[in-house]
2 protein chains.
Amino acid sequence: MKFTAAKTNLVSSVSIALRAVPAHTTMNILQCIFIESSGAGLKLTGNDTELGIETYMPATIEIPGKIAVDAKMLSEIVRKLPDEIVTFSSDENYMITISCGKATFMIPGKSGEDFTELPVVERDDSITMTQFTLKSLILQTIFSIAQKDNNKIMTGECFEVNGSLLRVIALDGHRISMRRVALKEEASVPKRVIIPGKTLLEISRILSGEIDDIVTIFFARNHVVFEIPGTRIVSRLIDGEYFNIDQMISTDYQTKLIIPKAALQGCIERSLLFVRENDKKPIIFDMAETELRLSVQSPLGSFDETLDVTLEGKGFSIGFNPRFMLDALKVLDDETVTLYLVNSKAPCFIRDEDETYTYIVLPVNFVR
Amino acid sequence: MKFTAAKTNLVSSVSIALRAVPAHTTMNILQCIFIESSGAGLKLTGNDTELGIETYMPATIEIPGKIAVDAKMLSEIVRKLPDEIVTFSSDENYMITISCGKATFMIPGKSGEDFTELPVVERDDSITMTQFTLKSLILQTIFSIAQKDNNKIMTGECFEVNGSLLRVIALDGHRISMRRVALKEEASVPKRVIIPGKTLLEISRILSGEIDDIVTIFFARNHVVFEIPGTRIVSRLIDGEYFNIDQMISTDYQTKLIIPKAALQGCIERSLLFVRENDKKPIIFDMAETELRLSVQSPLGSFDETLDVTLEGKGFSIGFNPRFMLDALKVLDDETVTLYLVNSKAPCFIRDEDETYTYIVLPVNFVR
C-alpha cells in the first residue's frame, strides 16, 4: 500500500487507536495498529479483544492495501517527524517505509491476517449526550471502582438508563459514587449494563470534553459502542447482575452538616501527611454546635484542625478513610458540601438537593 | 524553642537545606534538618557529611533553642500549610508543634546533639561570578561525568582557575565536555580541584540563574564552599589528580564540517527511535561534498536522513554514539556547529572559534 497524509492527522489518529493497544501482551499481533485504505482515506484499528477502537482519517491513497504495524514504534516515529506531508508505503514483504522531509524510516510490518477486526454489533438502542457530559460522568465516578479483580463486577461502572434519566454508579465495597443526568431524548427500553473501568478511562482520554461535541452510546447484548465523529469504540460488557443500589440508599438522616468545601478539602489533604498509603488511619470528625474538629493520630505524628460549620441535629464523633472523603470532594464544584449522617456506624451521604450526585462513604472504627 | 515565621520563607529555606539530606541513609540523624535560632532569625542545616548546606531566614524568635526535625516530614508539612504566619515550638521532650491558621501538627523531633555541623574552612582563595554563569557552566558539562563509581575522579568535575580564566571539565572516558569563562578578577594562586558531581547538581538547583545574583566560590584544602546571599554550601573535594586534559586535546584537523545545529539535533533525536537504552548502535555520518547523510541500522528498523552542510577537506564515514552527540548539541545555542575531524578512528571536536566550549566525542567502530 502507499499513501500520503499530513503529519498532524497521522499523529492524532495513531494516538487514538493506540489507546486500545495493551501495554503488555504475549500476543504480538495485539501490539499492532492495523491500517487499511478505506474509500477516500484510512482506517486505523487497535484491538485488545476486550476494547477495540477504529478511527478514520483523511489521506491520499496511491496504492490501496492493508498492513499491521507495531503501535508503539509507529506512534514514536510519527510524533518525531517534521511537520510536513508524510509518505507511507509497504512492499510485498511487508517492509514499511515512512518518509517525511529528508528523513526516511524503515520498519518491518505484518500482513495483519491474524488481526481481529472489531465485532459488528446491533445499533438499535442508543442514547446521545455531549462529550463534556460523558467525560465528566466518568471522571466524577471512576475513582471508586475496585482496583482488584476479586469481584469482576466492581471493576466496572453501571450505566443505567430509565426513560430520560441516565445514572452512573461505581462502588468498591467501601464507598459508592453515583451521578445522575437527564438525557435530551427518552430511551425506548430501560438499560442496565456494566462497562469495564479500563474502557471508560480510555474513552475519557479520547473525548474532547466540549459541550458542542456529541457522543452516541449504543447498547448491544454483549457490547457497548461509543461513537464520536470519525471514531468508534467497541467494548465488551462485564457479565453479571450489578448490585441493587437502591436497597442501600436511604434518605433518612439524624444529622446534617454543611461545610465549606475548599476548607474541608484542604484540611483532609493536610491530614494525609500522617497517613501512609495502605495505612488504615482514620480521620476523625468531632461535631460540635458550630465547629467541626478533624484529627488524625498516627505513629508519624498528630494533626488537628477546626472548621466553622452548620450543624443540624445531634453532633457525634465518626471516623473515615481520609482518601475516600478526599476523592469525592475533589470532583465537586460546589462552595459548600452537605453531609447526611445517622450515627458513627452508619454510612455518610454527600449529596446535593437535586441528587445529581450522591457519594456514600462507610465509616471506620476508631479507638482513642 | 519557639518562633514564628512566614510560610513562604519557611518553605523556601527548608527546600534549600533539604538538598543536602540524603534520600536513603541508615543514619537517622542525617535525615534531619537542624534548626537553630541565630540572632534575629533562624539557621537551617542539612548535612550528608559529603555535602552540607546551611541557610538563614528571618523569623521572630520567642524562645531561643535548637532542634533536629525529620527533613522530609517538615518539608511536606510546611508546603501544605495555609499561606499564613506559622508558629513553631518544641517542648522539653523534643515534641514539635507547628500551627498555622486553625491547623495544628505535632511531630516528634530530636535534640540534634549528634548532628554534624558544617566544617569551618579557610576563606583565603576565592573567585566570584554570576549565578547565571555558574549554573550554565554546570548544566553544560555535568551530563558527561561518569555515572559509575569505578573511577571516583570521573564522577566529579575539574574546576581549574588560572589567572582570570576558569575552566570546567567533565569526562567519562568516551567524551569530554569543557567550558571556559573569563573571571572579572584575577585569582592570586592557580587552583585545580575535583568537585563531586552530586554537589554540582544540587547547587545548580539552588542557584537562581540570574545575571544580577552573585556566587562566591572558596577553595580550601579538602573542601569547596559556595556562598550565595543567605546560604552557604560546603562540599568535600574528590581526592586525586585530575586527568591532564591538554595532552589529549589537539587543534589539528583534516576535515571541518559546518552543520545547522537544530537540523542535526532533530535528526539525531529521530535516529534514537531505533537505539534502545544501553544499546551500542552507532549513528553513521557519511560526508559528501555538500551533504551529510546520517543513518542508523538496527534490528528494530533503519533510519536515514540527509542534511545540507559545508565540508572543508576530505569526506569520509564515521560512527558515533548518538546520545553523546545529542547531549552536547542540546546545550549549545549557536545556529551552526562546527565539527573538526581527522579520520574515522580519531575523536571528533565540536568547538566554537573562541574555544569557550569544546566537546569531544570518541568515534565507535561500525560494520556495514
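Residues numbered from 1 in each chain as written. Chains lettered and ligands numbered in written order. Predicted model: local features only at pLDDT ≥ 70, side-chain atom pairs only at ≥ 80, totals over all residues.

A. Representation of the overall build of chain A in the model. Each helix and strand counted, chain A has six helices and 26 strands in total. Seen through its principal axes, chain A has C-alpha atoms that stretch 80 × 50 × 35 Å. Burial analysis of chain A (368 residues in total) assigns 38% to the buried set. For chain A, contacts bridging at least 24 residues in sequence account for 68% of all contacts bridging at least 6. (Helix = DSSP H or I, 4+ residues; strand = E, 2+ residues; numbered from the N terminus. Buried ≥ 20, exposed ≤ 12 C-beta atoms within 10 Å, placed from the backbone. Contact = placed C-beta atoms within 7 Å.)

B. Main features of the relation of the copies chain B and chain A. Overlaying chain B on chain A yields an RMSD of 0.0 Å, the required transformation being a rotation through 180° with an accompanying axial translation of 0.0 Å. On this basis, the relationship between the two copies can be described by a two-fold rotation axis. Judged by C-alpha distance, Ala23 of chain B is the residue of chain B that lies nearest the rotation axis, at 15 Å. In this assembly, 100% of the residues forming the interface of chain B have copies in chain A that are likewise at the interface, indicating an isologous arrangement. (Least-squares fit on C-alpha atoms with pLDDT ≥ 70 in both.)

C. Structural detail: the interface of chain B and chain A. Each side of the interface is counted separately: chain B has 22 residues, and chain A has 22 residues. For the side of chain B that touches chain A, the secondary structure elements donating two or more residues are α2 (71–80), β9 (103–108), α6 (261–271) and β21 (301–308) of chain B. Split by residue class, the side of chain B that touches chain A holds 11 nonpolar, four polar and seven charged. (Nonpolar A, V, L, I, M, F, W, Y, C, P; charged D, E, K, R; others polar.)

D. Highlighting α6 of chain B. Three or more residues of α6 of chain B are buried, namely Leu264, Cys267, Ile268, Arg270 and Ser271 of chain B. Buried residues of α6 of chain B, viewed axially, fall in a sector of 160°; they line one side. (Arc of directions from axis to C-beta.)

E. Looking closely at the sheet that holds strand β7 (residues 85–90) of chain B. Pairing is antiparallel across the open sheet formed by nine strands, whose spatial order is β23(A)-β19(A)-β20(A)-β21(A)-β9(B)-β8(B)-β7(B)-β1(B)-β5(B). A single partner strand is all that each edge strand has here, and the edge strands are β23 (317–320) of chain A together with β5 (60–63) of chain B. Taking each pair of neighbouring strands and ignoring which way they run, the sheet shows an average axis angle of 15°. In the sheet, strand β1 (residues 2–6) of chain B pairs with β5 of chain B via three bridges, with the strands oriented antiparallel. Along β5 of chain B, the bridge assignment pairs Thr4 of chain B with Thr60 of chain B. Packing of helix α5 (residues 261–271) of chain A onto the sheet brings it into contact with β19 (283–287), β20 (291–298) and β21 (301–308) of chain A together with β9 of chain B, and relative to β21 of chain A it is tilted by some 175°. (Pairing = 2+ DSSP bridges. Axes fitted to C-alpha atoms, helices over the stretch in contact; angles between N-to-C directions.)

F. Structural context of the domain arrangement of chain A. Residue and element names in this part refer to chain A. The assigned domain composition of chain A is domain 1 (2–108), domain 2 (125–246) and domain 3 (251–361). A straight line from the C-alpha centre of domain 2 to that of domain 3 covers 28 Å. Facing the 11 residues of domain 2 at the interface are 12 residues of domain 3. Examining the composition of the side of domain 2 that touches domain 3, we find that six residues originate from one element, strand β13 (residues 175–182), more than from any other. For the side of domain 2 that touches domain 3, the per-class residue count stands at four nonpolar, four polar and three charged. (Domains from an automatic or database assignment.)

G. Main features of the sheet that holds strand β15 (residues 214–219) of chain B. Residue and element names in this part refer to chain B. Taking strand neighbours across the sheet as the criterion, the eight strands line up as β6-β2-β3-β4-β17-β16-β15-β10 in an open arrangement whose pairing is antiparallel. The sheet terminates laterally at β6 (66–70) and β10 (125–130), the two strands that pair on one side only. Between one strand axis and the next, the sheet turns by 20° as a mean value, whatever way the strands run. Note: strand β4 (residues 51–58) against strand β17 (residues 231–236), five bridges, orientation antiparallel. Bridging across to β17, Glu54 finds its partner in Arg232. Helix-sheet contacts for α2 involve β2 (32–38), β3 (41–47) and β6, and the interaxial angle to β6 is about 85°. Relative to the sheet, helix α4 (residues 197–206) contacts β4, β16 (223–228) and β17, its axis offset from that of β17 by approximately 170°.

H. Spotlight on the packing of helix α1 (residues 7–18) of chain A against helix α2 (residues 71–80) of chain A. All names here are of chain A. Across the interface, α1 lies against α2 with an axial gap of 9 Å and an inter-helix angle of 155°. Between α1 and α2, the angle is such that the two are roughly antiparallel. Of the two possible hands of crossing, α1 and α2 adopt the one that is left-handed. Mapping the contact onto sequence places Lys7, Leu10, Val11, Val14, Ser15 and Leu18 in α1 and Ala71, Leu74, Ser75, Val78 and Arg79 in α2. Within the contact of α1 with α2, the residues separate by chemical class into seven nonpolar, two polar and two charged. (Parallel < 35°, antiparallel > 145°, perpendicular 65-115°, else oblique. Left-handed = near helix turned anticlockwise from the far one by under 90°.)

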